[in-house]
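Each chain, letter by letter, is given below.
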Amino acid sequence: MRVLLVEDDAMIGAAVEGALKDAAYAVDWLRDGRMATLAVASQTYDIIVLDLGLPGCDGMDILAEIRKANDPAPVVIMTARDEVTDRIRGLDIGADDYLTKPFALSELLARMRAVMRRRRTLVDTVMSSGDIKLDTSTRQVRVGESTTLQLSRREYTLLEALMNHPGAILSRSQLEDRVYGWGEEVESNAIEFLIHALRKKVGHQRIKNIRGVGWMVSGDA
Ligand code: CA
């Protein structure tokens, strides 16, 4: 999953970015509101986490822009303003949920999963493909009756991307988009390496390669 984080406060931003990365999201963190509208126009996000009080451009205006552009990404607002009117306005303009600062990072992650499920960005909390089970709330992966597999953050993110679209072929660039945020160096064969490592753990036959097109996991639950 790829998330756009818009937050000008360095400390809050770093804390949220860290928590999102730990939760295996690819994160693009922007501190500037105008940059955020450009980012949304050029990149597809699974979810947007948006601060309202931003320099140069109000978060509420960014939200209006996003919705005007018919971007379907769910938006969770983070705001220090706890006035009821702001919350209602945010929800009216098209936010999916909001959190009032200060909030627990675990609550942000839970709310994000909830809005992605509602929007069907995330199919289910527990995804399955054949005998693979992936729990997005605990980030645990099992194959059959095996114990929890030890996956790296990127291996997990890649598997989650495939399992969120079982039976569908994802191209290399689609997978790169889900696994890497800005500023992360992507070697040309990085996805092949990740697939190779992942197959060793989940079993080679469980991730199919369609030559020249991409990779997929089985659509049979
Ligand atoms: Ca702020």
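Up top you'll find the structure we're talking about.
These numbers come from a predicted model, not from an experiment.

Quick look at unusual backbone geometry now. The omega torsion across Lys101 and Pro102 is 0°, close enough to zero to call that bond cis. Counting through the fold element by element, Pro102 comes out in the loop between β5 (97–100) and α5 (105–118). In the Ramachandran plot, Ala24 falls in the positive-phi region, its phi being about 70° despite a non-glycine side chain. One can find Ala24 in the loop between α1 (10–22) and β2 (26–30). One non-glycine residue, Arg139, lies in the positive phi region at around 60°. Of note, Arg139 is situated in the loop between β7 (132–135) and β8 (140–143).

Okay, the pattern of salt bridges next. Counted under the stated rule, the structure contains 17 salt bridges. The shortest N-O distance in the salt bridge between Asp131 and Arg206 comes to 2.7 Å. One end of the pair, Asp131, is in the loop between β6 (126–129) and β7; the other, Arg206, is in the loop between α8 (190–202) and β9 (207–210), and 75 residues separate them in sequence. We classify Asp131 as partly exposed; its relative accessible area is 33%. Since its relative accessible area comes to 21%, Arg206 is described here as partly exposed.

Now for the sheet that holds strand β3 (residues 47–51). Pairing in this open sheet of 5 strands is parallel, and the strands run β2-β1-β3-β4-β5 from one edge to the other. The open sheet has two edge strands, β2 and β5, and neither has a second partner. Here the strands of the sheet are splayed against their neighbours by 15° on average, with no regard to which way each runs. In the sheet, strand β1 (residues 2–6) pairs with β3 via 4 bridges, with the strands oriented parallel. Bridging from a neighbouring strand, Val3 pairs with Ile47 of β3.

The next thing to look at is the sheet that holds β7. With antiparallel pairing, the 3 strands of this open sheet are ordered in space as β6-β7-β8. Each edge of the open sheet carries a strand with a single partner, namely β6 and β8. Neighbour to neighbour, the strand axes of the sheet diverge by 15° on average, direction disregarded. Pairing of β6 with β7 involves 4 bridges; the strand directions are antiparallel. Bridge pairing in β7 places Ser129 opposite Ile132. Lying on the sheet, helix α6 (residues 153–163) is in contact with β6, β7 and β8; it crosses β7 at an angle near 110°.

Quick look at the coordination of the calcium ion now. Every protein donor of the calcium ion is listed here as Asp8 (OD), Asp51 (OD) and Gly53 (O), and their distances to the metal cover 2.2 to 2.3 Å. Read from N- to C-terminus, the donor residues coordinating the calcium ion fall into the pattern D-x42-D-x1-G.

What counts and how
- Residues numbered from 1 in each chain as written.
- Predicted model: local features only at pLDDT ≥ 70, side-chain atom pairs only at ≥ 80, totals over all residues.
- Heavy atoms only, no water.
- Helix = DSSP H or I, 4+ residues; strand = E, 2+ residues; numbered from the N terminus.
- Salt bridge = Lys/Arg side-chain N within 4 Å of Asp/Glu carboxyl O.
- Buried < 20%, exposed > 50% of the residue type's maximum accessible area, 1.4 Å probe, protein only.
- Pairing = 2+ DSSP bridges.
- Axes fitted to C-alpha atoms, helices over the stretch in contact; angles between N-to-C directions.
- Contact = heavy atoms within 4.5 Å.
- Donors = N, O, S within 2.8 Å, 3.2 Å for Na, K, Ca; no water.

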